[in-house]
Amino acid sequence: MHDLQSGIPLDDFPGTLRDAVIITRSLGVKYIWIDALCIRQDSAEDWAIEAAKMRDVYSGAILTVVAANSPSTRSGIFSQRISGERATLEWRDMTHSRTHKVQLRPGSELWDHALSSSLLMTRGWTLQEGLLSPRTVSYGAQQMIWECPCYQADEGGRITQATEDYRSKGFIQNLIRIQNSKVIQPQSFLEKLTLRSSKPEKWWKSYAIADPYDKWNDIAEQFMCRSLTKDFDALPALSGLARVFQGFLKDEYCAGLWKRDILSTLMWSRSPKYPADSSTRFDLARPSEYLAPSWSWSSILGKQSSMSNSWQTREALRVSAHSVAKIVSLRTFPKGADPFGQVSGGELVLQTRFGKIKILPPVYSPEHEFHSETPEPVTSSAFQELVYTNMGVVDSMVYEHFQKHSPCPNQQFGAVELVRWEKAPGSLVPGIDLLLVESTGQGGAYRRIAQLGLRKSPVPDEDAVSPDMYRGTLLENNAYDEVIKAKWKKRTITLV
């Protein structure tokens, strides 16, 4: 701390930090913010305080430097470019009678995918850092790229948009401008230009966004594909973006989901993590500590989910839902002072139909990778058989069960009915969406362990499909009919 306050010689900094200082000085900017220097790395309290300020830190920056080709703090930003073939042309400036040389570079050196596939783009924290920053300059392996709300420009002179919609700064920066304009009275012409008036109502449609919740779900889905050194950073690494969205949506943030949009997003499922060497069916890592309530996608490790399809569910809830579970209450409990950061718990209370599940296959383990036999008590019911089969075969269901299962005395399993559809989203056939749950042994509460959608599909020609597909369609149709006719009682269910 004393060294940082009194000053450290530039050559003593790790390469990447040193180069960032050189860039900042070259631009004539007086201050630089680097989390490794500006946050006390051995203080959990200081880290929590500063993490809650990420929205202001990055959105308030003149420029964010992206060390896209730097795998560590010691590798530096200025790397030696790979010299491919060059074609040199002579260009004559007839106006001033001068001659210049122009070099042509292979187009492969300038393709955007080299930057988007860089190591930095796989890290969880960099997603919100890039979106919150009004301007970024990325130092890649072969070129620099500029990004701002208007466009992306590279060294080849191309003016483009980001190749992935979720990386586009325009939508997020407009949200920030709208919020800033409500609390800041611009004094100078430059400030007035920066805080230019917001667009008319539903301005987000100009970004091809039907609903702002869709944009959040798209960002969250992309975030799930990224890696975190500490798994409990999942919510803090999105807290700055959540703060921006909350200011616009005026909705309650609930551990990665939004209260008014909760029914559209409860049926999420996440792809499993798989080991690089394929030594086991799934990556065996489980959360190092409590992450979030079981009804949130942030409660487990894993990869991408189906969050971006929630717009279909939201629309179908409006026009084709036969019956919907009643949301009695929904709340989360922040772990610290930041309502958008880590949580210590949460409750979702539903009033809906609840059916018991007799038996589930053993939780996944390297010793029990697959289960081929179905117990006799299960085969007497199409619904029980389908649940048992899917919980041993469908990767996303097996993986979530493995991630979450916690045994307790006299544990019970059940199915919570969320929505009964006249025309289910995506398939447009009758359907039922369910959450599969297990008792926690604490006050009658349950935790989610999987999600299950039943669809009443037309039976295909037996000769036109595989035997497994034919049997599977019949089993699912029979399970759907059984649940419809079942005398499941409506109960008040608390999910934690």
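Residues numbered from 1 in each chain as written. Predicted model: local features only at pLDDT ≥ 70, side-chain atom pairs only at ≥ 80, totals over all residues. Heavy atoms only, no water.

A. Quick look at the pattern of salt bridges. Inspection of every chain in the model, using the stated rule, returns 20 salt bridges. Taking the shortest distance from any N to any O, the salt bridge between glutamate 289 and lysine 335 comes out at 3.3 Å. With glutamate 289 in the loop between helix H12 (262-265) and helix H13 (310-319) and lysine 335 in the loop between strand S11 (326-334) and strand S12 (343-357), this residue pair connects regions lying 46 residues apart in the sequence. Put simply, Asp214, Asp261 and Arg314 are held in one network by salt bridges that share partners. (Salt bridge = Lys/Arg side-chain N within 4 Å of Asp/Glu carboxyl O. Helix = DSSP H or I, 4+ residues; strand = E, 2+ residues; numbered from the N terminus.)

B. Looking closely at the packing of aromatic side chains. Scanning all chains against the criterion turns up 17 aromatic pairs. Arranged with centres 6.0 Å apart and planes meeting at 70°, the rings of tryptophan 33 and tyrosine 58 form a pair that is edge-to-face. Residue tryptophan 33 is located in the loop between helix H2 (15-26) and helix H3 (35-38), and its partner tyrosine 58 is located in helix H5 (residues 54-59); the two are separated by 25 residues in the primary sequence. When its relative accessible area of 29% is taken as the criterion, tryptophan 33 is described as partly exposed. Ring geometry for tyrosine 253 and tryptophan 258: centres 4.9 Å apart, planes at 55°, overall tilted. Members of the aromatic cluster, connected to one another through ring pairs, are Phe171, Trp216, Phe245, Tyr253, Trp258 and Phe340. A cation sits over an aromatic face here: arginine 286 above phenylalanine 402, 5.6 Å from the ring centre. Here the basic side chain of arginine 491 rests over the ring of phenylalanine 354, its NZ or CZ set 4.4 Å away from the ring centre. (Phe/Tyr/Trp six-rings, centres within 6.5 Å; stacked < 30°, edge-to-face > 60°. Buried < 20%, exposed > 50% of the residue type's maximum accessible area, 1.4 Å probe, protein only. Lys NZ or Arg CZ within 6 Å of the ring centre and 35° of its normal.)

C. Layout of the nonpolar core. If you look at the biggest cluster of nonpolar residues, it comprises 57 residues, and the most contacted ones within it are Ile172, Trp216, Phe245, Trp297 and Leu495. Among the elements that make up this core, the one with the highest residue count is helix H10 (residues 212-224) (six residues). With residues up to four places along the chain from it excluded, the contact list for tryptophan 216 reads Leu238, Leu241, Ala242, Phe245, Tyr253, Gly256 and Trp258. Within the second largest apolar cluster, 22 residues are counted, among which are Leu360, Phe383, Ala415 and Ala479. (Core = buried A, V, L, I, M, F, W, Y, C linked by side-chain atoms within 4.5 Å. Contact = heavy atoms within 4.5 Å.)

Read these as spatial facts, not as claims about activity.
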